[in-house]
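Summary of structural features
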Amino acid sequence: MNTFPTACKRGEKTISLWYQYGLMIALVVLISSSLSLAQQTKRPMTFMDVMEMRNVGSPAVSSDGKWVLYTYSIPDWKAAKSYTDIYLVSTSQGLPSARQMTFTKDKNETSPRWTPNGSLFAFLSNREAPEAKATQNQIYMMRPDGGEASKISDAKEGVGTFAFSKDGKWLAFSAGKEDERQIWTIAVAGIDKDKPVQFTKHKTPITWWQFSPDSKKIYFLAPDSVDKANKQRKEKKFDVRVRNEDSPLVHLWSIDLETKKETRHTSSSDYSVSDVKISDNSKWIGFHGISSNRYYRTVTEANSYMDLYLLEASTGTIERLTNNKDIGESTLSFSPDGSMIAFSADDDFTYFRNNRVYVRQTTDRGGKWKKLGSNFDGDITVGFWSDDGKTIYFNNGWKATAQAFSVSVETGKVTQLTNQQAVIFASRDEDSKTILANFSSPTTPSNIYYISSIEKLGNKANWMQLTNSNPQVENITLGETEEISWKSSDGKIVGGVLVKPIGYEKGKRYPLVVQIHGGPAGASLLNFSGSYGNYSNVYAGSGYVCFLPNYRGSTNYGEKHKMEIAGDYFRQGYEDIMTGVDHLISTGLVDKDKMGAMGWSAGGHWSNWILTHTNRFKAISSGAGAVNWTSMYAQSDIQRNREYYYKGKPYDNFEHYWDVSPLKYIKKAKTPTLIHVVDGDPRVPRPQSEELHMALKSMGIPTEFFVYPGTTHGIPDPRNQMVKMVSEFNWMEKWIRGKQGWFEWNDLLSTLKDDKDEKKEDKKETSDN
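This structure is a prediction, so every number in the text was calculated from the model and none was measured. (Residues numbered from 1 in each chain as written. Predicted model: local features only at pLDDT ≥ 70, side-chain atom pairs only at ≥ 80, totals over all residues. Heavy atoms only, no water.)

With respect to the pattern of salt bridges
Enumeration according to the criterion identifies 39 salt bridges in this entry. Residue Asp224 pairs with Arg264 through a salt bridge whose shortest N-O separation is 3.0 Å. Of this pair, Asp224 sits in the loop between strand E15 (217–223) and helix H3 (228–235) while Arg264 is found in strand E17 (residues 262–264), placing the two residues 40 residues apart along the sequence. For the salt bridge of Lys371 with Asp347, the shortest nitrogen-to-oxygen distance reads 2.8 Å. Note that Lys371 is positioned in strand E25 (residues 370–372) and Asp347 in the loop between strand E23 (340–346) and strand E24 (355–361), a separation of 24 residues in sequence. (Salt bridge = Lys/Arg side-chain N within 4 Å of Asp/Glu carboxyl O. Helix = DSSP H or I, 4+ residues; strand = E, 2+ residues; numbered from the N terminus.)

Rendered as structure tokens:
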């Protein structure tokens, strides 16, 4: 018997196996080498990376749920601007299908909207705006398969907002000067050849508008009158600012799309109308009525002086739904069939308690509200309803994360739907019923995901990723980030976020920066650290441990944790922070002789308290922090929460306000302190920082004071955001690590130079030598 062929086959098989094994080894070596090379080519995050982070937003789902339009904004550091384009992606194919739809250089395309049949989409753009009005937008239309965009509007003052009627017959938009704004319309059937025409000719400007879901009317808000003399006096430079200046009341109207007949729906002199919501069946309209008292209506806390009202469209009957002082209710929400109404507000309408949802039959006039979620130790809001109206879905912070939840309308039971070490915000497109989720984790910047049904929301493996906002992050080494907990001075377990330095070695001690969040009713989360206000990764890349404590007064850890600082503002929160620092020292992670602290707003308040109560830190950066609560009460644009935290108004309790003011203890301050504030900050006004700077300067304590241009509570422009971050980092480097020098303007100016400038300088240096 000839066995050669069999032996030959066995040999071939053996050779084949060895060949495959050799290939496998080679492949492993290649992959290992590639991974090693990738690790070697990765670099730490810089502040320039922070300023160049890109953003996705404004998702618009086609009516069949198959496509999503979204905006993609890319910063241009040298221009100090961001430019936005529109992209299109398939919900079934995800990332590989994404394609750019607009390409205008140095211009912006925003607010994408589908026609109801999905054959076209419209958007706003300033691509043809005159130089003198560079931000002026017009409406353009495109096909989803590409081609040139068609210009639809040519409004002299640009377009405000626009929308399609639900039946797909009309496109409407607002246009005109602010005090003359009206609504214009164009039939979608003739949109390629016709021009928009002015639809409303209301006697006063229209401030808000919306198509009714049945496409029969446009509802709008308009003031009762226009104070022309007040406008003219400002134009003629009689431009004194009058505090709590009165203004005309705003009321609700509608105009019939067929007859163009206007109807006035509200006229009370007791309130001004805002936050209108129309039921899907167009039978009911909910709205907020803000007190007509000028001292309530013209303040930041106006929502504390508004109540909910319900209008029956067919009869014009108005029912007042709430009558609460100091409590701001959410916008009214209708179940899909309009049979039920819901809103969220503080539990039992008691200031600062956790939010609860209140529901009632829509037609049960004067009926009792049913409270949902009594046993849930967190905030409940109205996100969106299930189709059968039996469930309400919402998003809520949960310790150092944010998750999606549901609450049963029947039983009031709350169910957690997601459980990721991340920040999740789920929403639903009401027309297509599509679920979208915005997801961010310590390793992934914020991106948009598609979920085919609410049942699949709980398992991220079922999600389809639609965007990749910042692919460059794959080349950046990030600090290891985790949620931690420790025991505070009163035995309570407190939580927070820890970011370890890149290249962390167990047993080695590192310098520490405590980054204190604002609020204080807020929380530090396990989201991506790579944006202005959240840049721990830059510090991690320079060898720092970053500690972000969710001290007493923070949200996400239960109602008691949030409310416990009322009447005793700083004491326990300070203990929480310091015991957290001691915990990190005890684990061998932190060098107790190399520590700094920083924060903005409430984080600045706590930084100032730390400054005046311990000398354990080598450096402090205080941003928009208060030092004197008595003067702060009147200077700030909000007062009610101060009264909550500090036992009433200062005029009734001067001693307590002074007892919780860091300025009272300023003689104890020893730590070098960098101070930041926006010049016209309405929330924590500049005089607070002036008082701190004057005190430290007069006491001979090293201090610098940066005042940024603007009228907002945060630094509004990218250039000065960079100044704040870089100066703050170098302050820490100087006083914690003992580095020579401090902050050089040339370090920032060099970031604006292009290659030509650098070549010129190199050539000049060469010729000089």
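There's more to say after this.
A short note on the pairing of strand E6 (residues 109–114)
Bridge analysis of E6 against strand E7 (residues 121–125) gives four bridges, and the strand direction is antiparallel. Each residue of the ladder has a partner; that of Thr110, found in E7, is Leu124. Counting the residues between successive antiparallel strands, the hairpin from E6 to E7 contains six residues, one of them, Gly118, with a positive phi of roughly 75 degrees. (Pairing = 2+ DSSP bridges.)

Points about helix H7 (residues 571–586)
Look at H7: 22 Å from first C-alpha to last across 16 residues, which is about the 22 Å you get at 1.5 Å a residue. Among the residues of H7, those classed as buried are Gln572, Gly573, Tyr574, Asp576, Ile577, Met578, Thr579, Gly580, Val581, Leu584 and Ile585. Each element contacted by the buried residues of H7 is listed here: strand E35 (481–487), strand E36 (493–499), strand E37 (510–516), strand E38 (545–550), strand E39 (590–600) and helix H8 (602–611). (Expected span 1.5 Å × (residues − 1). Buried < 20%, exposed > 50% of the residue type's maximum accessible area, 1.4 Å probe, protein only. Contact = heavy atoms within 4.5 Å.)

Regarding the side chain of Ser90
The residue Ser90 is located in strand E4 (residues 81–90) in this model. Engagement of the side chain of Ser90 in a polar contact is seen with the backbone nitrogen of Gln93, the distance being 3.2 Å. Excluding anything up to four places from it in sequence, Ser90 contacts Lys66, Trp67, Ser97 and Leu466. (Polar contact = N/O pair within 3.5 Å; in protein donor to acceptor, adjacent residues only side chain to side chain.)

Some points on the side chain of Asp681
Along the polypeptide, Asp681 turns up in the loop between strand E41 (673–678) and helix H12 (686–698). Buried within the structure, Asp681 lacks any salt-bridge partner; its nearest side chain of opposite charge belongs to Arg683, at an N-O separation of 6.2 Å. Reaching out from Asp681, the side chain makes a polar contact with the backbone nitrogen of Val684 at a distance of 3.2 Å. (Lys, Arg positive; Asp, Glu negative; His and termini not counted.)

Description of the pairing of strand E40 (residues 619–623)
Here E40 lies mainly inside the structure; five of its five residues are buried. Pairing analysis gives five bridges linking E39 to E40, with the strands arranged parallel. What sits directly across from Trp600, in E40, is Gly623. In the classification by handedness, the crossover that spans E39, the intervening H8 and the parallel E40 is right-handed. For E40 and E41, the ladder comprises four bridges, and the chain directions are parallel. Looking across to E41, one finds that Gly623 is bridged to His676. (Right-handed = clockwise from strand over helix to strand, strands pointing away.)

Remarks on the confidence of the model for the protein chain
Overall, the predicted model of the protein chain reaches an average pLDDT of 93, with 93% of residues at or above 70. Here residues 1–38 scores under 50 on pLDDT; set against residues more than four positions off or in separate chains, the count is zero contacts. (pLDDT = per-residue confidence, 0-100.)

Concerning the sheet that holds E25
Reading across the sheet, the four strands line up as E22-E23-E24-E25 and stay open at both edges, with antiparallel pairing between neighbours. Looking at which strands have only one partner, the edges of the open sheet turn out to be strand E22 (333–334) and E25. Strand direction decides the pairing type here: E23 and E24, joined by seven bridges, are antiparallel. Counterpart to Asp346 in the pairing with E24 is Asn355.

Regarding the layout of surface pockets
In this structure, the largest pocket occupies an estimated 1,700 Å³ of space. Together, 48 residues line the largest pocket, and Lys166, Gln210, Asp429, Glu430 and Asp431 are the ones closest to its centre. Secondary structure elements with two or more residues in the lining of the largest pocket: strand E2 (55–61), E6, strand E10 (159–164), strand E14 (208–211), strand E18 (271–278), E22, strand E26 (384–385) and strand E30 (423–428). Tallied by class, residues from the lining of the largest pocket come to 23 nonpolar, 16 polar and nine charged. Taken as a whole, the second largest pocket spans an internal volume of roughly 950 Å³. If you go around the second largest pocket, you meet 31 residues; those closest to its centre are Arg243, Asn244, Val299, Ser636 and Asp637. Contributing elements (two or more residues each) for the lining of the second largest pocket: helix H4 (294–297), helix H9 (629–635), helix H10 (640–645) and H12. Top contributing element to the lining of the second largest pocket by residue count: H9, with three residues. In the lining of the second largest pocket, the residues fall into eleven nonpolar, eight polar and twelve charged. (1 Å grid on protein atoms, 1.4 Å probe; cavity = no way out; pocket = protein on both sides within 12 Å on 5 of 7 lines; lining within 4 Å. Points joined across faces, edges and corners; volume = space filled by probe spheres on them. Nonpolar A, V, L, I, M, F, W, Y, C, P; charged D, E, K, R; others polar.)

With respect to the environment of Ile435
With respect to the element layout, Ile435 can be found in strand E31 (residues 435–441). In the structure, Ile435 is positioned 85 residues away from Pro520 in sequence and 32 Å away in space, judged by C-alpha atoms. Setting aside anything within four residues of it in sequence, one finds Ile435 in contact with Phe384, Ser427, Arg428, Tyr449, Tyr450, Ile451, Ser453 and Ile454.

Side note on the packing of aromatic side chains
What the rule picks out here adds up to 60 aromatic pairs. Aromatic pair Trp486 and Phe547: ring centres 5.1 Å apart, planes at 70 degrees, arrangement edge-to-face. You can see Trp486 sitting in strand E35 and its partner Phe547 sitting in strand E38, a full 61 residues away along the chain. Accessibility expressed as a relative area gives 0% for Phe547, which makes it buried. The aromatic ring of Trp369 is capped on one face by Arg360, whose charged end is 5.3 Å from the ring centroid. In this arrangement the basic side chain of Arg737 is found over the ring face of Tyr544, its NZ or CZ atom lying 4.4 Å from the centre. (Phe/Tyr/Trp six-rings, centres within 6.5 Å; stacked < 30°, edge-to-face > 60°. Lys NZ or Arg CZ within 6 Å of the ring centre and 35° of its normal.)

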